[in-house]
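# Structural features, examined
Here is what each chain is made of, one letter per residue.
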Amino acid sequence: MSKRRVVVTGMGIISPVGNDIATAWKNVLEGNSGIGPVTAFDASAYATRIAGEVRDFDPVAAYFEGTDVPPDEQRAIGKDFKRMDPFIHYGIVAGTHALRQSGLVVTDENAGRIGIAAGAGIGGLHTIESTTLELAEKGPRKVSPFYVPSSIINMVAGNLSIYHGLKGPNIALVSACTTAAHNIGMAMRLIQYGDADAMLAGGAEFATTPTAMAGFCSAKAMSTRNDDPTHASRPWDTGRDGFLLSNGAGMLMLEEYEFAKARGANILAEIIGFGMSGDAFHITAPSGDGAELAMRNALHDAGLKPEEVQYVNAHGTSTPVGDLGEAKAIRNVFGEHATKKGQFAVSSTKSVTGHLLGAAGGVEAIFSIMALRDGVMPPTMNLQEVDPEVAALGMDLVPNKAEQAKLEVAMSNSFGFGGTNGTLVFRRV
């Protein structure tokens, strides 16, 4: 059976750099960081006191933005939203924006062919923490009956299905920081092989909570540049000292090409490759081999030669070990092509967004698609002195300033705890 073509017709984003595509993309291109002091709780006792929080976000207002829905219906949704963890808010709004941008109208006839694949790396920690404290203080009778459905990971997918009448495949893959990439890739597969004609896909996260921050601090995984937050995330720089935890969501509307074409959809890009792998090496430290295998698998799936790729949006979290391992893996996959400035470049948008964990792959897929659309590669900010081992690889890391380029194909990498890897490949249309 031949695989059907899959295209992107809608995108939605909630992030530290903006809650709509235009704002987020502008800030990424201009290098405007979304990292700042933690405000979600008192972090004064923590080694890391900075993060990438979502700002100026009212979930109900954002959900109904641009619509003329009556106030009574808005109040009903608002009542629902009070029972949900923030990560669900982010996913619902980003998914709704992607669906609306696509212009796809869900009907009784097509609802069973439209599905959703959306997860989170950690899920409803905010709700779990607050409920645990309430249980300890007030006892079990005071625990909300909405506790479980307000915090479990699949409720981004579940609620989007309910609100928009999506009756096709409804799944929530969970694979740490590769979550969104895996959901997008598997949604692509479901369309390719005929299980659906359209899928919302991506990930969401709200992880700037006391226990999550404490855990990552104890692991010494995060930057401690608390007095200089906008320069704290610095992929491939000699001064990098860890990632920054961030919140948000990134969602794509994927459709089978003929299905989208028949209804006159505005096609933003084509998704042509998806690769996965496992490091089988260490719970947190990447081997590099797994990253390389994921990229090679994605190229094979896309039917591309390495020299046909012009841009890689790297996982690039700003950790000492991870950044070097990924850089070496990219150089191994792309060979001498990787050293040809003007023909190939790599950058990390986490330098301004921080690391959105389970949402990262969705947000970075959006940035990869925007790079193809506009012919511009977003910069790796805060790259003042390149790690000598990385510099020796000879790759253009797009330091500190966006670069114009003729782009036809872009790759997006996501790697997660447990050695789980995912790579997506997009083509300009």
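Read on for an overview of the structure. Quantities reported herein were computed from a predicted structural model and do not represent experimental measurements. (Residues numbered from 1 in each chain as written. Predicted model: local features only at pLDDT ≥ 70, side-chain atom pairs only at ≥ 80, totals over all residues. Heavy atoms only, no water.)

With a probe scaled to a water molecule rolled over the atoms, the places where space remains empty come into view. Within this model, the second largest pocket holds a volume of roughly 230 Å³. Along the walls of the second largest pocket sit 14 residues, with K82, R83, T127, S144 and S150 positioned nearest its centre. Of the residues belonging to the lining of the second largest pocket, the class tally is four nonpolar, six polar and four charged. (1 Å grid on protein atoms, 1.4 Å probe; cavity = no way out; pocket = protein on both sides within 12 Å on 5 of 7 lines; lining within 4 Å. Points joined across faces, edges and corners; volume = space filled by probe spheres on them. Nonpolar A, V, L, I, M, F, W, Y, C, P; charged D, E, K, R; others polar.)

This part takes up the sheet that holds strand β14 (residues 420-427). Pairing within the open sheet is mixed, and its ten strands lie in the order β5-β4-β6-β7-β1-β8-β14-β13-β9-β10. At either end of the open sheet lies a strand with only one pairing partner, and these are β5 (170-171) and β10 (345-347). Together, β1 (6-14), β7 (248-256), β8 (269-278), β9 (311-313), β13 (409-416) and β14 form the strand contacts of helix α13 (residues 360-374), whose direction differs from that of β13 by roughly 165°. (Pairing = 2+ DSSP bridges. Helix = DSSP H or I, 4+ residues; strand = E, 2+ residues; numbered from the N terminus. Contact = heavy atoms within 4.5 Å. Axes fitted to C-alpha atoms, helices over the stretch in contact; angles between N-to-C directions.)

Counted according to the given criterion, the structure contains eleven aromatic pairs. For the pair F41 and Y46, a centre-to-centre distance of 5.2 Å together with 65° between the ring planes defines the contact as edge-to-face. You'll find F41 and Y46 in the same group, each marked buried. Residues F81 and Y163 carry aromatic rings whose centres are separated by 6.3 Å and whose planes lie at 40° to one another, so their mutual orientation is tilted. Of this pair, F81 sits in helix α3 (residues 71-81) while Y163 sits in helix α6 (residues 155-164), placing them 82 residues apart in sequence. Residue classification places F81 among the buried positions, given a relative accessible area of 2%. One aromatic cluster is present, formed by Y63, F64, F81 and Y163 through successive ring pairs. Here the guanidinium or amino end of R5 rests over the ring plane of Y257, the centre of that ring lying 4.1 Å away. When the ring centre of Y63 is taken as reference, the NZ or CZ atom of R100 above it lies at 5.2 Å. (Phe/Tyr/Trp six-rings, centres within 6.5 Å; stacked < 30°, edge-to-face > 60°. Buried < 20%, exposed > 50% of the residue type's maximum accessible area, 1.4 Å probe, protein only. Lys NZ or Arg CZ within 6 Å of the ring centre and 35° of its normal.)

Before going further, it helps to examine the nonpolar core. Ranked by size, the top nonpolar core spans 47 residues in total, and within it M11, L252, L254, F367 and F426 carry the most contacts. Among the elements that make up this core, the one with the highest residue count is α13 (nine residues). Not counting chain neighbours up to four residues away, the residues in contact with F367 comprise I13, V17, A24, W25, V28, N313, T349 and T353. Judged by nonpolar contacts, the second largest core, of 37 residues, contains V54, V60, A62 and I153. (Core = buried A, V, L, I, M, F, W, Y, C linked by side-chain atoms within 4.5 Å.)

Take the packing of helix α10 (residues 289-302) against helix α11 (residues 320-334) next. How two helices pack is summed up by the angle between their axes together with the distance between the axes. The interhelical angle for the contact between α10 and α11, taken along N-to-C directions, is 40°, at an axis separation of 8 Å. Relative to α11, the crossing made by α10 is right-handed. Seen from α10, the contacting residues are A291, E292, M295, R296 and L299; seen from α11, they are A329, I330, N332, V333 and F334. Of the residues contributing to the contact of α10 with α11, the split by class is seven nonpolar, one polar and two charged. (Left-handed = near helix turned anticlockwise from the far one by under 90°.)

As a further point, take the pattern of salt bridges. Across all of its chains, the model carries 21 salt bridges by this definition. Two residues, K341 and E403, come together in a salt bridge whose shortest N-O distance is 3.6 Å. With K341 in the loop between α11 and β10 and E403 in strand β12 (residues 403-404), this pair connects stretches of sequence that are 62 residues apart. Of the charged contacts, one joins K406 and E408 as a salt bridge, the two residues approaching to 3.6 Å between their closest N and O atoms. Assessed through its relative accessible area of 67%, K406 is described here as exposed. Salt bridges here are not isolated pairs; linked through shared partners, they connect K3, R189 and D301. (Salt bridge = Lys/Arg side-chain N within 4 Å of Asp/Glu carboxyl O.)

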